[in-house]
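Coordinate inspection notes
For reference, the chains in residue letters:
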Amino acid sequence: MGVDRITKEAENGNTHAQFKLGMMHYEGDHVKLDKALASYWFMQAAQAGLDEAQYQISRMLFQGDGIEADEQYAFRFLTAAAQQGHPESMHNLGVKLYFGEGIDSDRRSAATWFLKAAEQELPEAQNNIGWMLYCGDSIPMNMEAGVAWLEKAADRGNEEAQHHLQSIRGTMITG
């Protein structure tokens, strides 16, 4: 589909076309790189409820990337996307809750979001929930389940999980 057709679809309210056009402007793909215009199209799709757009606009709002930074507004979109089951949003919300980035730290809630994202095969979330379970970090310790999640993450190439498993198994090389 050409740029003109995507633009027309976006202007007619097609949220997927709005997201695609936003990505095109964000990356400078077949159009001039224009993050402000990208944020406009992401915002259109995000306000209409498209989880991918909610995730992308939240990232831009957190970082002030092409749009004025607004942490509270970013949290609204990140939470909305997470509640719709967007794996990266669930993971990122978990990270923000875990470390108290912009909100009060709530590691139990972080674990809930990590688990939801891990169940959707997101390796970073599998690593995080695995380590929390293994260590009993703010949730009941379950070493067996923790190792199982870490193994899933490691099998998917997550280096942090691979290091955790080496540490657990006593094969960490120190120098």
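Residues numbered from 1 in each chain as written. Predicted model: local features only at pLDDT ≥ 70, side-chain atom pairs only at ≥ 80, totals over all residues. Heavy atoms only, no water.

The protein appears in an unreviewed UniProt entry as Sel1 repeat family protein from Durusdinium trenchii. According to the UniProt record, the Sequence similarities (unreviewed entry) comment for the protein is "Belongs to the sel-1 family." (UniProt positions renumbered as here; feature names shortened; annotations may be inferred.)

Right, let's get into the overall build of the protein. Assigned secondary structure in the protein consists of 10 helices and 0 strands. Its helices and strands taken in sequence order, the protein reads α-α-α-α-α-α-α-α-α-α from the N to the C terminus. Projected onto its principal axes, the C-alpha positions of the protein cover 60 × 30 × 30 Å. Relative to its full complement of 175 residues, the protein shows a buried share of 45%. Counting only contacts in the protein whose residues sit at least 6 apart along the sequence, the fraction spanning at least 24 positions is 39%. Here the protein has roughly 9400 Å² of accessible surface; of this, 47% comes from carbon and sulfur atoms. (Helix = DSSP H or I, 4+ residues; strand = E, 2+ residues; numbered from the N terminus. Buried < 20%, exposed > 50% of the residue type's maximum accessible area, 1.4 Å probe, protein only. Contact = heavy atoms within 4.5 Å. Areas by Shrake-Rupley, 256 points an atom, 1.4 Å probe, with all protein chains shown as cover.)

Right, let's talk about the environment of Phe 42 for a bit. By secondary structure assignment, the location of Phe 42 is in helix α3 (residues 35-47). For Phe 42 and His 16, which are 26 residues apart along the polypeptide, the C-alpha to C-alpha distance reads 9.7 Å. When sequence neighbours within four positions are dropped, the list of residues in contact with Phe 42 reads Phe 19, Gly 22, Met 23, Tyr 26, Ala 53, Gln 56, Ile 57 and Met 60.

Turning next to the packing of aromatic side chains. The description of an aromatic ring pair rests on the distance of the ring centres and on the angle between the ring planes. Under the definition given, this model contains 8 aromatic pairs. Here the aromatic rings of Phe 62 and Phe 75 are separated by 5.0 Å at their centres, their planes lie at 90 degrees, and the arrangement is edge-to-face. In this pair, Phe 62 is assigned in helix α4 (residues 51-63) and Phe 75 in helix α5 (residues 71-83), connecting sequence segments 13 residues apart. Taking the relative accessible area as the measure of exposure, Phe 62 reaches 21% and is therefore partly exposed. With 4.8 Å between their ring centres and 65 degrees between their planes, Tyr 73 and Phe 77 make a pair best called edge-to-face. (Phe/Tyr/Trp six-rings, centres within 6.5 Å; stacked < 30°, edge-to-face > 60°.)

Before going further, it helps to examine the pattern of salt bridges. This model, assessed by the stated rule, comprises 6 salt bridges. Across the salt bridge formed by Lys 35 and Asp 65, the nearest N and O atoms sit 3.0 Å from each other. Note that Lys 35 is positioned in helix α3 and Asp 65 in the loop between α4 and α5, a separation of 30 residues in sequence. A residue is classified by how much of its surface remains accessible, and Asp 65, at 15% relative accessible area, is buried. (Salt bridge = Lys/Arg side-chain N within 4 Å of Asp/Glu carboxyl O.)

In this section: the nonpolar core. By size, the foremost hydrophobic cluster in this structure holds 23 residues, and its most contacted members are Leu 93, Trp 113, Phe 114, Ile 129, Met 132 and Ile 139. Ranked by the residues each element gives to this core, the list is headed by helix α7 (residues 107-119), at 6 residues. In this structure, Met 23, Tyr 26, Ala 38 and Met 60 belong to the second largest nonpolar core, which totals 15 residues. (Core = buried A, V, L, I, M, F, W, Y, C linked by side-chain atoms within 4.5 Å.)

Turning next to the environment of Met 1. The topology assignment puts Met 1 in the segment before α1 (3-11). With 139 residues separating them in the primary sequence, Met 1 and Pro 140 have C-alpha atoms 51 Å apart. Excluding anything up to four places from it in sequence, Met 1 contacts Ile 6 and Glu 9.

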